[in-house]
Amino acid sequence: MNYTDSLQGFTEPLAKAIAFIWKEAELLDRKDYAAWSSLWSDDGHYVVPIDSEATDFAAQLNYVYDDARMRKLRIERLTSGFAMSAADASATVRTVSRFVPVHLSAELVEVNSAQILVGYKRQSHTLFVANMTHRIRFGADGAKLEQKVVRLINSADPLNALGFLL
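Per chain, residue numbering runs from 1 following the sequence as it is written. Given that the model is predicted, a residue must reach a pLDDT of at least 70 before its local features are reported, and side-chain atom pairs must reach 80 or more before they are shown or counted; all residues, however, enter totals for whole chains, interfaces and linings. The basis for the side-chain values is all heavy atoms of the structure; hydrogens and waters are excluded.

## A few points about the pattern of salt bridges
Selection rule: The working definition used for a salt bridge is a side-chain nitrogen of Lys or Arg within 4 Å of a carboxyl oxygen of Asp or Glu. For each residue, the accessible area found with a 1.4 Å probe, counting protein chains only, is set against the maximum for its type, and the residue is called buried under 20%, exposed over 50%, and partly exposed in between. Numbered from the N terminus, helices here are DSSP runs of H or I no shorter than four residues, and strands are runs of E no shorter than two.
With the rule as written, the count across this model stands at 7 salt bridges. Across the pair Arg30 and Asp32 runs a salt bridge whose closest N-O atoms are separated by 3.9 Å. A relative accessible area of 26% places Asp32 in the partly exposed class. The salt bridge involving Arg135 is made with Glu110; its shortest N-O contact spans 3.2 Å. With Arg135 in strand E5 (residues 124-139) and Glu110 in strand E4 (residues 108-121), the pair connects residues that are 25 residues apart, well separated along the chain. Residue classification places Arg135 among the partly exposed positions, given a relative accessible area of 25%.

Okay, here's the thing in structure tokens:
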């Protein structure tokens, strides 16, 4: 699907970034983790901080601070069928909206957005609401995620085990 068709009026770098973020959301909802993994640069980081104000993620305790190796291991756990949370994983539907550009150039786009994710498991819905930042580099090999930060609005509260990626 070509998401950019519905983004007329946006600048090209922002429209391309939004289309990329929507594609990422769709891949995660379909649990297509192999395709999701291919969206990342080799040195990219997937971050879910505990402290919603944190900026130095390497020096902070995080729910998730994954480089390429850790993303690969996380995907293996989610797809192996051996982890209870993966064997009985929630179905998810996420909406990503409220796109605010932080940096726009032909090569690099950083954009803040809001995500509402609903997980459904065992006749129960769970809501995950987050402010997100995506840093996407556009190059000869296409668009690649350099960093994704998911700031859950209830990050300081205890969270149940997640059987999916945010």
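Still more to cover.
## Comments concerning the side chain of Glu110
Basically, it comes down to this: It only takes one pair of heavy atoms within 4.5 Å for two residues to be counted as in contact.
Residue class for Glu110 comes out buried when judged on its relative accessible area of 19%. With near-sequence residues (within four places) excluded, Glu110 lies in contact with Val100, Pro101, Val102, His103, Thr133, His134 and Arg135.

## What about the environment of Tyr63?
Just so we agree on the cut-off: Here a polar contact is recorded for every N or O atom pair within 3.5 Å, except that within protein the pair must consist of a potential hydrogen donor and a potential acceptor, and residues adjacent in sequence are included only if both atoms are side-chain atoms.
Tracing the sequence through the fold places Tyr63 in strand E2 (residues 62-66). Given the relative accessible area of 34%, Tyr63 is considered partly exposed. Residues Tyr63 and Pro49, 14 residues apart in the sequence, show an inter-C-alpha distance of 5.7 Å. Setting aside residues no more than four positions away along its own chain, Tyr63 makes contact with Val48, Pro49, Ile50, Ser155, Asp157 and Leu159. A polar side-chain atom of Tyr63 sits 2.7 Å from the main-chain carbonyl oxygen of Ser155.

Everything listed here is a matter of coordinates, which is why it stays silent on function.
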